[in-house]
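In case you want the letters, here they are:
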Amino acid sequence: MIKQNSRGTLIVISAPSGSGKGSVIEGLLKNDSKNRWLSVSTTSRPIRENDIPGKTYNFVTKEEFEKKIEEGYFLEYTKYAGNYYGTPKEFIGDKLKAGIDVILEIEIEGANNIKKLVPEALFIFIMPPSIKEMAKRLRNRGTDSKEKILERFHTAYKEINEVTKYNYVVVNDILENAIAKVEAIITSEKCRVDRIEEVFLDTKEEEIHELLIDDKEFINEDINI
Ligand code: 5GP
């Protein structure tokens with residue numbers, strides 16, 4: 001009855017540090033690994049203990065990053081906590097065309113830039129359950145220095161006020177619930193009427209009219225209309 005736009009959805013997920021967004025995204029990818037793709041960003045920040053180059057980020061020097069900016073390599077980029085972060089353009093268009101949802105895990109300024117470029121993208125904000133919990137998660141990460149943790153906390157604290165720029169907000173109190181909520185949001189997005197390309201009636205009105213008149217045939221369960 002309807003033909004829907006088969007393009008994938010560009011899903012932008014932002015969250016203050018310490019909101020546990022990494023685990024939410026991991027859950028989303030596990031749930032539907034074939035139809036979802038997480039864009040790997042490029043960054044000039046130092047590699048952390050848990051990083052896997054090429055998987056968590058592509059790591060480059062500041063100079064290499066700036067060269068890539070000049071070459072027009074990025075869809076968007078920003079400077080965050082003193083380091084560059086950027087979303088490479090390549091693959092995104094092809095993935096979307098192939099019906100694959102593309103997830104961008106980026107901070108707020110990057111999300112704002114994407115909104116200007118792709119207003120129809122889906123913007124989801126993951127919120128920590130409380131400021132205290134956010135601070136605890138930041139501290140327990142143990143990979144950053146005290147100063148870095150403090151800096152990240154202050155940035156995260158400010159970022160919470162930006163939530164109203166997003167389409168949806170999900171509080172990450174219980175991980176499974178948060179993942180289920182994001183799944184529900186993605187499902188709803190796919191059902192939006194503005195994704196409809198065509199509405200068509202699969203049977204002619206006259207055919208149904210005849211069936212309605214011929215009661216006997218219509219109540220026959222084997223009927224194939
Ligand atoms: P982290 O250093 O903790 O991995 O990331 C710091 C922040 O940079 C996070 O909020 C993360 O979402 C954001 N980020 C990661 N990749 C990109 C990107 O390609 N573009 C933008 N704008 N932000 C990014």
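Since the model is a prediction, treat every value here as computed from it, not as a measurement.

**Student:** Looking at this structure, how should I read the overall build of the chain?
**Tutor:** Counting its regular elements, the chain contains nine helices and eleven strands. By the compact-globule yardstick of 17 Å for 225 residues, the chain is too spread out, its C-alpha radius of gyration being 23 Å. Within the chain, the fraction of its 225 residues that count as buried is 36%. A separation threshold of at least 6 residues defines the contact pool for the chain, and within that pool the share at least 24 residues apart is 68%. Accessible surface computed for the chain: about 13900 Å², of which carbon and sulfur atoms make up 52%. Considering the chain, the positive charge centre built from 34 side chains and the negative charge centre built from 40 side chains are found 10 Å apart.

**Student:** Even after reading the chapter, I still don't get the layout of surface pockets, so can you show me in this structure?
**Tutor:** Empty space left among the atoms is revealed by rolling a probe the size of a water molecule over them. Counted as a void, the largest pocket has a volume near 1400 Å³. Counting residues per element, the ones that place at least two in the lining of the largest pocket are α1 (21-31), β3 (36-38), β6 (74-80), β7 (83-88) and α6 (146-159). No other element matches α1, which puts six residues into the lining of the largest pocket. Looking at the lining of the largest pocket residue by residue, the class counts come to twelve nonpolar, 14 polar and 13 charged. Here the second largest pocket is characterised by a volume of approximately 390 Å³. In terms of lining, the second largest pocket is formed by 17 residues, of which the most central are Thr9, Glu120, Ala121, Glu189 and Arg195. Tallied by class, residues from the lining of the second largest pocket come to seven nonpolar, four polar and six charged.

**Student:** How should the packing of aromatic side chains be read in this particular structure?
**Tutor:** Two numbers describe a pair of aromatic rings. These are the distance of the centres and the angle of the planes. Summed over all chains, the structure comprises 13 aromatic pairs. Relative to Phe91, the ring of Trp37 has its centre 6.1 Å away and its plane inclined at 80 degrees; by these criteria the two rings are edge-to-face. Within this pair, whereas Trp37 is found in strand β3, its partner Phe91 is found in the loop between β7 and α3 (92-97), the two being separated by 54 residues in sequence. Residue classification places Phe91 among the partly exposed residues on the basis of a relative accessible area of 48%. Measuring from centroid to centroid gives 5.8 Å for Tyr57 and Phe59, while their planes differ by 65 degrees, and the two rings are edge-to-face. Chaining the aromatic ring pairs together yields one cluster made of Phe65, Tyr73, Phe74, Tyr77 and Tyr84.

**Student:** Is there a simple way to think about the nonpolar core in this case?
**Tutor:** Taken as a class, soluble globular proteins show a tendency for nonpolar side chains to be buried jointly. Judged by nonpolar contacts, the single largest core of 23 residues is most densely connected at Leu10, Val12, Leu104, Ile114 and Phe123. At the level of elements, β2 (10-14), α3, β8 (101-105), α4 (108-117), β9 (122-127), α5 (131-140) and α6 are the ones that each hand at least two residues to this core. If near-sequence neighbours (up to four positions away) are discounted, Leu10 is found in contact with Ile92, Leu96, Val102, Leu104, Ile114, Val118, Ala121 and Leu122.

**Student:** Just checking my understanding: could you explain the sheet that holds strand β10 (residues 168-171) for this structure?
**Tutor:** Taken in spatial order, the five strands line up as β3-β8-β2-β9-β10 in an open sheet, and their pairing is parallel. This sheet does not close on itself; its edge strands, each paired only once, are β3 and β10. Neighbour-to-neighbour, the strand axes of this sheet turn through a mean angle of 25 degrees, independent of strand direction. Here β3 pairs with β8 via three bridges, running parallel. Looking across to β8, one finds that Trp37 is bridged to Val102. Across the sheet, α4 is in contact with β2, β8 and β9; its angle to β2 comes to roughly 155 degrees. Strands β2, β3, β8, β9 and β10 of the sheet are contacted by helix α7 (residues 175-190), whose axis makes an angle of about 160 degrees with β10.

Rules of the game
Residues numbered from 1 in each chain as written. Predicted model: local features only at pLDDT ≥ 70, side-chain atom pairs only at ≥ 80, totals over all residues. Heavy atoms only, no water. Helix = DSSP H or I, 4+ residues; strand = E, 2+ residues; numbered from the N terminus. Rg over C-alpha atoms; globule rule 2.2 N^0.38 Å. Buried < 20%, exposed > 50% of the residue type's maximum accessible area, 1.4 Å probe, protein only. Contact = heavy atoms within 4.5 Å. Areas by Shrake-Rupley, 256 points an atom, 1.4 Å probe, with all protein chains shown as cover. Lys, Arg positive; Asp, Glu negative; His and termini not counted. Charge placed at Lys NZ, Arg CZ, Asp CG, Glu CD. 1 Å grid on protein atoms, 1.4 Å probe; cavity = no way out; pocket = protein on both sides within 12 Å on 5 of 7 lines; lining within 4 Å. Points joined across faces, edges and corners; volume = space filled by probe spheres on them. Nonpolar A, V, L, I, M, F, W, Y, C, P; charged D, E, K, R; others polar. Phe/Tyr/Trp six-rings, centres within 6.5 Å; stacked < 30°, edge-to-face > 60°. Core = buried A, V, L, I, M, F, W, Y, C linked by side-chain atoms within 4.5 Å. Pairing = 2+ DSSP bridges. Axes fitted to C-alpha atoms, helices over the stretch in contact; angles between N-to-C directions.

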